[in-house]
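# Coordinates in review
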Amino acid sequence: MQGLTPALENLTVKGKSMKIDNIVKYEFGEPYDTGAVVSETKRGTGIPEGFRYDADAQTLYYGLNEKDMIFGLGETVRGINKRGWIYVSNNSDDPAHDDNKTSLYASQNFLILDDGKSCFGIFIDNPGSVTFDIGYSDTNVMSIHPEYNDTTFYLINGNSPLEIVRSFRVLTGKSYVPPVWAFGYGQSRWGYKTADDIREVAASYKELGIPLDMIYMDIDYMQDFKDFTVNPDRFPDFENFVKEMKEEGIHLVPIIDAGVKIEDGYDVYEEGKSKGYFCKKEDGTDLVAAVWPGKVHFPDFLNEEARKWFGDKYRCLTDAGIEGFWNDMNEPAIFYTEDHLKEVFSQVKEFENKEMDIWGFFDFKDVVGSIANNPEDYRRFWHDFNGRKVRHDRVHNLYGFYMTRSASEAFERMDPDKKILMFSRASYTGMHRYGGVWTGDNTSRWSHLLLNLQMMPALNMNGFLFSGADIGGFGGNTTEDLMMRWIAFGIFTPLFRNHSALGTRDQELYRFERKEDFKNLIELRYALIPYIYSEFVKAVNDNGMYMKPLYFEYRNDERCREVEDQLLVGDSIMIAPVYEQNKTGRYVYLPEDMKLVRFRSYNDYDTEVLEKGDHYIKVGLNEVPVFIRPGKELPLGKPARQVDKIDMNDLEIIRF
Ligand code: MIG
């Protein structure tokens, strides 16, 4: 198994500048240097070939033929083929990831059009809102409409989707690689409040012998939700607690929120204020918004000096032994702004003084009901972006990217040889060089398990290889069977975390009846880590994809155009998870003969060679079907309680 644990040198390279021949860039207006791109390309003139531009509508049009499929756009709703819906890149804190939504937490404006014979990619480098109407208004037309004109449009040529992905990633730089232990299983929950709560989680997993590498700390570890503080009553002697957990093999991973609490005497607030590092309103005063800490200011991550300052703050936690973080609320989410709230109060008074008819009632409801994440609020503050004063909404989608960049650059300054786990909720193309993403607040419903599967290849195309969803579902109450099926899929996602919202049903694996089955599933993940890690690093190094749609490898197979619920994972295997309630099996399409390995645990499985074509396969609730491609092999390690205890050389190989 040569190359199974490739050397880690040169993986921290944040992208080297090189000239790429098959990409042509076109500029509209005065584009910002967003930081998405790290390589030089050719420059084109006029309108990109094949497109029609309507300057009045500020819209590019492209005619679609019947066979065109569209892949990409990263973290968006709906299926793998994006055709038939309208997507708006506008990072939004919206936990209802339903089919009728147009914006989620991320903006990854890279997509590929492919009619089976020829294909090309486009990347719209514009950090404001961009609307992609992909055969929604007119089935035969794709249109791209940025709210603000200033755009660099990259046209990427290539002979196959994978070739285009590779070029795009040379353009935008190498993907982030987390520490190896971050490929383990992590338990999270919004609601762990004290060191003892966390000790209990660690002990319960240990008692059952279920592997666990991480416990996440949500906002309650902080003192009054202040970034870079730890509540001393709930976590007395934090440093020793971090050590104690590490001795148990557990990494604690705290959350950091974007908003900085306004509180006299709080150093982060005082320093940020005196140095002018917070986002300002037009009149030059600091914007006052409210999120969990109450009233906050938003650090201006787009300002290099402020970014450096904020990044260095993570040190107080790394000094205490912390080696991983998740960045939240960085769209940024806004519960309300002081200014908007005043407006609402005065509007409410007007309603009170008027006779209200039923339409007036709905107007009233709109005024009161649209306080959070109000679009107007994103026009109330400004950034100092590379010396240019820029209103927030024009560069909105960069905010989470630059927050994560701020941390990652600080880690690099602290110790360039050390890997720190870092992932973010909001993101934009280019952030994949600095960290991973989780897909935000999903719900405990079966359709979100399928959505998780369908998002993964698009995230991979965009370079977000280290990604995953809240397994079991964040909002709402999960069920044992949903959790089991979701874990059976999640064991293949690089970021593998069980997380849920405050007030929802407990969903740590030891809360359920079928503890032994859960243990087997998690152990299978650990047995697969040599393969998962190796394939992940390969994808990083060749600017490839760790999770792919079948179509990307079997482009000549018509059937693969429509496979929306199976994925290729790495070079050797295909997966076909069960994602529906009360199912004891499913249909699977095999584009070639494959060897089905039906795992009940890492060392209890049977194999069966299946021919190319359609099959109905039985998949018990405790089973994981894996399909090995011809000529390929799947290595299995021996699971251990933590990733660092796996002997990466003690491997059993299943071949086909
Ligand atoms: O407004 O920190 O997506 O994972 O548990 C909710 C509490 C704030 C949103 C994150 C979620 C986290 C929660 N946060």
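Just above sits the structure.
For the structure given in this document, a descriptive report is provided here. All values derive from a computational prediction rather than experimental measurement.

## Here we look at the site of the ligand
Surrounding the ligand, one finds 13 residues, the nearest of these being D218, W292, D328, D441 and H499. For the ligand, an oxygen atom lies 3.0 Å from a polar atom in the side chain of R425. The protein chains hide 96% of the 350 Å² of surface that the ligand would expose on its own. Tallied by class, the residues present in the shell around the ligand amount to eight nonpolar, one polar and four charged.

## Here we look at helix α7 (residues 338–353)
An α-helical segment advances 3.6 residues per turn. Residues three or four places apart therefore align on the same side. When the terminal C-alpha atoms of α7 are compared, their 23 Å separation across 16 residues agrees well with the 22 Å that a helix rising 1.5 Å per residue should span. Of the surrounding secondary structure, the elements contacted by the buried residues of α7 are β20 (336–337) and α8 (358–369).

## Describing unusual backbone geometry
In this chain, E331 is followed by P332 through a cis amide linkage whose omega measures -5°. Here P332 lies in the loop between β19 (324–328) and β20. One non-glycine residue with positive phi stands out, namely R78, at about 70°. Note that R78 resides in the loop between β5 (69–72) and β6 (85–89). Judged by its relative accessible area of 26%, R78 falls in the partly exposed class. In this model, N373 sits at a positive phi of 50°, which is unusual for a non-glycine residue. Within the secondary structure layout, N373 lies in the loop between α8 and β21 (382–385).

## Details of helix α12 (residues 515–541)
With 27 residues, α12 should reach 39 Å at 1.5 Å per residue; the first-to-last C-alpha distance of 38 Å fits that figure. The sharpest bend along α12 measures roughly 55° and falls at L528, with the proline P530 sitting one to four residues further on. The buried fraction of α12 amounts to 23 of the 27 residues, a majority that puts the element mostly inside the structure. Looking one or two residues past α12, N543 carries a phi angle of roughly 50°, positive in sign.

## Details of the sheet that holds strand β11 (residues 141–146)
With antiparallel pairing, the five strands of this open sheet are ordered in space as β3-β4-β11-β10-β6. The open sheet has two edge strands, β3 (52–54) and β6, and neither has a second partner. With direction set aside, neighbouring strand axes in the sheet form an average angle of 15°. Inspection of the sheet shows strand β10 (residues 130–134) paired to β11 by five bridges, in the antiparallel sense. In the sheet register, I134 faces β11, and the bridge partner there is M142.

## Section: the pattern of salt bridges
In this structure the tally under the stated criterion is 47 salt bridges. The salt bridge partner of K206 is E248, with a shortest N-O separation of 2.9 Å. Of this pair, K206 sits in helix α2 (residues 195–208) while E248 sits in the loop between α3 (238–247) and β15 (251–257), and the two are 42 residues apart along the sequence. The closest approach of N and O atoms between R391 and D393, which form a salt bridge, is 2.8 Å. Relative accessible area serves as the criterion here: at 8%, D393 is assigned to the buried category.

Rules of the game
Residues numbered from 1 in each chain as written. Predicted model: local features only at pLDDT ≥ 70, side-chain atom pairs only at ≥ 80, totals over all residues. Heavy atoms only, no water. Near = heavy atom within 4 Å. Polar contact = N/O pair within 3.5 Å; in protein donor to acceptor, adjacent residues only side chain to side chain. Areas by Shrake-Rupley, 256 points an atom, 1.4 Å probe, with all protein chains shown as cover. Nonpolar A, V, L, I, M, F, W, Y, C, P; charged D, E, K, R; others polar. Helix = DSSP H or I, 4+ residues; strand = E, 2+ residues; numbered from the N terminus. Expected span 1.5 Å × (residues − 1). Contact = heavy atoms within 4.5 Å. Buried < 20%, exposed > 50% of the residue type's maximum accessible area, 1.4 Å probe, protein only. Bend = angle between axes of the 7 residues up to and from the residue. Pairing = 2+ DSSP bridges. Axes fitted to C-alpha atoms, helices over the stretch in contact; angles between N-to-C directions. Salt bridge = Lys/Arg side-chain N within 4 Å of Asp/Glu carboxyl O.

So, to be careful, I would describe these as geometric facts and stop short of saying anything about function.
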